[in-house]
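# Overview (structure and organization)
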Amino acid sequence: MLSKVEYSHAGGQMEEPLADSVRGALSSAVHNAAPPVPEFSTTEARLAYLRWLGAMSDRLRAKKPEWNVRKEFLETVWYESKRAGLDTALVLGLIQVESNFRKFAVSSVGARGYTQVMPFWTRVLGDGDPDKLFHMQTNLRFGCVILRHYLDRESGDLFMSLGRYNGSRGKSPYPDAVLGAKRNWEFTG
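Notes on the structure follow. (Residues numbered from 1 in each chain as written. Predicted model: local features only at pLDDT ≥ 70, side-chain atom pairs only at ≥ 80, totals over all residues. Heavy atoms only, no water.)

With that settled, consider the overall build of the protein chain. Scanning the protein chain from N- to C-terminus turns up 8 helices and 2 strands. What you see in the protein chain, going N to C, is helices and strands ordered as β-α-α-α-α-β-α-α-α-α. Partitioning the intrachain contacts of the protein chain with sequence separation of at least 6 by distance along the chain shows that 63% fall at a separation of at least 24. (Helix = DSSP H or I, 4+ residues; strand = E, 2+ residues; numbered from the N terminus. Contact = heavy atoms within 4.5 Å.)

What follows is about helix H7 (residues 158–166). Counting buried positions along H7 gives 7 out of 9 residues, so the element sits mostly inside the fold. For H7, the set of buried residues is Met160, Ser161, Leu162, Gly163, Arg164, Tyr165 and Asn166. Buried residues along H7 sit in contact with helix H4 (88–99), helix H6 (136–153) and helix H8 (173–182). N-cap assignment for H7: the residue whose side-chain oxygen lies 3.1 Å from the backbone N of phenylalanine 159 is aspartate 157. (Buried < 20%, exposed > 50% of the residue type's maximum accessible area, 1.4 Å probe, protein only. Polar contact = N/O pair within 3.5 Å; in protein donor to acceptor, adjacent residues only side chain to side chain.)

Following both chains from N to C, one finds H7 and H8 inclined at 110°, their axes separated by 8 Å at the closest point. By the angle between their axes, H7 is roughly perpendicular relative to H8. Together, Leu158, Phe159, Leu162, Gly163, Tyr165 and Asn166 of H7 and Tyr174, Pro175, Asp176, Val178 and Leu179 of H8 make up the contact between the two elements. (Axes fitted to C-alpha atoms, helices over the stretch in contact; angles between N-to-C directions. Parallel < 35°, antiparallel > 145°, perpendicular 65-115°, else oblique.)

For the structure shown, the criterion picks out 11 aromatic pairs. Geometrically, the ring pair formed by phenylalanine 73 and phenylalanine 101 is edge-to-face, given 6.0 Å between the ring centres and 80° between the ring planes. Taken together, the residues phenylalanine 73 in helix H3 (residues 67–83) and phenylalanine 101 in the loop between H4 and strand S2 (105–107) connect sequence positions 28 residues apart. Since its relative accessible area comes to 0%, phenylalanine 73 is described here as buried. You can call phenylalanine 101 buried: its relative accessible area is 4%. Counting every residue linked through ring pairs, the aromatic cluster contains Phe40, Tyr49, Trp52 and Trp78. (Phe/Tyr/Trp six-rings, centres within 6.5 Å; stacked < 30°, edge-to-face > 60°.)

As C-alpha cells, then:
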C-alpha cells in the first residue's frame, strides 16, 4: 500500500463498452513499452525541445523543486503527449487541473495519479493492477491514450472530449478549467 496518497477533487471517466477493435488498439498503445527518449531529426528540433524543457522547468519549479524529478516528469509528458498526438500544453493543463502535479493524488471517485485515470481502465486495457497508475510513465501514458481516444471518438471536439475524460460531458466547468490551465503551459519559444 502506498503511504503518500493525496486526495484530489477531479471527476471520473465513465466506463463505457468498447468495441473489441478499439479495446485492442488502446491496449496495444498502452503496452508499447518504448522509453521516453526524445529523438530529433534536426538540430533545430532538438534546440526547440531544449528551449521548451527550460521554460517548462522554470514554470514547474514550485511544484517539483528537484531538477532530476522535474526533468524526468517533463521529458515523459513531452514524450507521451507527442506519442499520442496531443499538445503538450494541453496535457500539462489537464494534469494541473486533475492532480495539481501530485503523483499520488486520488479523487473522491477513485481516479489516480497525475492524469487521474479511473482504475477500471487497468482492467479494460491492462493487467488489472490499479496501483500501477501511481507509476509516472504508466499514468501519463494511460492519460494521453485515453484523451486521444476521446478526441477520436468526439471527432476532434476538444470541449466534448475533455468533458468525457472528466465524466462531465456537455458541461463547461471542467473543459474551461483545463483550457484555462493550458494557457499557463503554452510555449512560443
